[in-house]
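Architecture and fold: a report
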Amino acid sequence: MKELIDSLKRNRNLSPEEFAILIKEMTEEDALYLKEQAFEVKQQFYGNKVFTRGLIEFTNYCKNDCYYCGIRKSNLNAERYRLSLEDIMSCCEEGYRLGFRTYVLQGGEDLRFSDDDIVKICQSIKEKFPDCAITLSIGEKSYESYKRFKEAGADRYLLRHETADEEHYKSLHPESLSLSARKQCLYNLKELGYQVGTGFMVGSPFQTAECIAKDLAFIKELEPAMVGIGPFLPHHDTPFKDYSKGSYELTLKLIAIIRLMIPNGLIPATTALGTIHPKGREEGISWGANVVMPNLSPVRVRKQYELYDNKICTGDEAAECRACLQRRMLSVGHEIVTARGDFIPYIFEA
Ligand code: SAM
Ligand code: FES
């Protein structure tokens, strides 16, 4: 197993079969070795600095019906909201004051926000905060739309592929959604020059080690700048309400594996990781993550962006969240920095 980990570190890749073995057969001792290797690589590229992104969840309306997600359109119990441009700008102002230099605009696929609206939001943010980066995370759009958003100032785009296995994709989504369309969006975004983020849930229903091996192979093929993974957590008003949550330990191991695959990658310790375990985000950093994404959304809407049950940080003002994360990072010897935190390409030796 140690040889496999060394080979992954050296070549930044393994075959799907080897990835599956790594996932299925790792002992606790092997996992500690993996953690050490991933931490060492993270330190080489980022030292003890952690980048931060201000997350603005600006709409929880969604036209899609993913079986796992609490804001799916069929969830009639979800209390829906949209933020206005003014609301979004006040979140950014507060964020800027607190040292954020990246804003992540995330939402359900809400058709009420036209492309013109998204363009206006990007332009307004860039006009007022020219030194900040904008990350969009608003789902599948046409090439033309992505192009317009890029021209309006969007720098990065987060779109998790969710699973790279066709059959598994079908078991998580209704027929209106397809893996090929999702992948095409990711390739379009890359072609347009976005810093692209993908990722998947760990332990989603019906996921196997072979599915995860395919996820890792897809990540290698796409070569994204960012990879966000977090455990699947059930939401009580979805078809997956009775499925078990994903594994905390496996999520940490996968963060480490992805760090070895993309040594210079931007890898967040996600809110879902902080939800499944009180020290999840700190541990995420110790296993190779280098980004945290505290919430900047107004507290009055926080609870409504409920993708899964018991989501953390729904009652805290942005300033408290920022201070809390600063303390948490310090507890594992890291510090949050005020910087855009762009992806820096690096040429690796063959
Ligand atoms: N609509 C955009 C999209 O599809 O990319 C962004 C919002 S979507 C709610 C953000 C991410 O939340 C998804 O990519 C998914 O991986 C994650 N998510 C949704 N439901 C979840 C759950 N029950 N447990 C863990 N993560 C979940
Ligand atoms: Fe929000 Fe800790 S990060 S309260």
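Rules of the game
Residues numbered from 1 in each chain as written. Chains lettered and ligands numbered in written order. Predicted model: local features only at pLDDT ≥ 70, side-chain atom pairs only at ≥ 80, totals over all residues. Pairing = 2+ DSSP bridges. Helix = DSSP H or I, 4+ residues; strand = E, 2+ residues; numbered from the N terminus. Axes fitted to C-alpha atoms, helices over the stretch in contact; angles between N-to-C directions. Contact = placed C-beta atoms within 7 Å. UniProt positions renumbered as here; feature names shortened; annotations may be inferred. Buried ≥ 20, exposed ≤ 12 C-beta atoms within 10 Å, placed from the backbone. Expected span 1.5 Å × (residues − 1). Core = buried A, V, L, I, M, F, W, Y, C linked by C-beta atoms within 7 Å. Left-handed = near helix turned anticlockwise from the far one by under 90°. Nonpolar A, V, L, I, M, F, W, Y, C, P; charged D, E, K, R; others polar.

1. Comments concerning the sheet that holds strand S7 (residues 226-231)
In a beta sheet, neighbouring strands are held together by backbone hydrogen bonds and run either parallel or antiparallel to one another. Read from one edge to the other, the open sheet built from 6 strands follows the order S2-S3-S4-S5-S6-S7, with strand pairing classed as parallel. Among the strands making up the open sheet, the edge pair consists of strand S2 (54-59) and S7. Neighbour-to-neighbour, the strand axes of the sheet open up by a mean angle of 20°, direction not taken into account. Two elements, S2 and strand S3 (residues 102-107), share 5 bridges in a ladder whose sense is parallel. In the strand pairing of S3, glutamate 57 is matched with glutamine 106. Each of strand S6 (195-202) and S7 touches helix H10 (residues 248-261); the most contacted strand, S7, lies at about 170° to it.

2. Looking at the UniProt feature "binding site: [4Fe-4S] cluster" (unreviewed entry) in the chain
Per the UniProt annotation, the sites labelled "binding site: [4Fe-4S] cluster" (unreviewed entry) are Cys62, Cys66 and Cys69. Here cysteine 62 lies in the loop between S2 and helix H4 (85-97). In this structure cysteine 62 touches Ile71, Arg72, Lys73, Gly108, Glu109 and Asp110, once residues within four positions along its chain are discounted. Summarising the element assignment, cysteine 66 is placed in the loop between S2 and H4. Judged by the 20 C-beta atoms lying within 10 Å of it, cysteine 66 falls in the buried class. When residues no more than four places from it in sequence are discounted, the contact partners of cysteine 66 are Arg72, Leu172 and His173.

3. Notes on the UniProt feature "binding site: (3R)-3-methyl-D-ornithine" (unreviewed entry) in the chain
Taking the numbering used here, the UniProt-annotated feature "binding site: (3R)-3-methyl-D-ornithine" (unreviewed entry) corresponds to Ser137. Within the secondary structure layout, serine 137 lies in strand S4 (residues 133-137). Its 18 C-beta neighbours within 10 Å are what place serine 137 among the partly exposed residues.

4. Thoughts on helix H14 (residues 318-331)
Across its 14 residues, H14 extends 20 Å between first and last C-alpha, which sits within 8% of the 20 Å expected from 1.5 Å per residue. Next to the buried residues of H14 lie strand S1 (49-52), H4, helix H12 (280-286), strand S8 (291-292) and strand S9 (335-337). Of the residues flanking the end of H14, it is glycine 333, one or two places downstream, whose phi is positive at about 75°.

5. So, the nonpolar core
Nonpolar side chains tend toward joint burial in soluble globular proteins. Residues Ile56, Leu105, Ile255, Ile257 and Ile258 are the most contacted members of the largest nonpolar core, which totals 93 residues. Counting residues per element, this core draws most heavily on H10, at 8 residues. In this view, leucine 105 contacts Ile56, Phe58, Ile121, Ile134, Leu136, Ser137 and Ile138; residues no more than four positions away in its chain are not counted.

6. Concerning the sheet that holds S9
In spatial order, the strands read S8-S1-S9; together these 3 strands make up an open sheet with parallel pairing. Every other strand in the sheet has two partners, leaving S8 and S9 as the edge strands with one partner each. For S1 and S9, the ladder comprises 3 bridges, and the chain directions are parallel. By the bridge assignment for S9, lysine 49 is matched with glutamate 335. Helix-sheet contacts for H14 involve S1, S8 and S9, and the interaxial angle to S9 is about 130°.

7. Notes on the packing of H4 against helix H5 (residues 115-128)
Axis angle and axis distance: for two packed helices, these are the angle between their axes and the distance between the axes, and together they describe the pair. Two numbers describe how H4 lies on H5: the axes approach to 11 Å, and their chain directions differ by 35°. Judged by the twist between their axes, the crossing of H4 over H5 is right-handed. Contact residues: H4 offers Leu85, Ile88, Met89 and Cys92, while H5 offers Lys120, Ile121, Ser124, Ile125 and Lys128. For the contact of H4 with H5, the class distribution of residues is 6 nonpolar, 1 polar and 2 charged.

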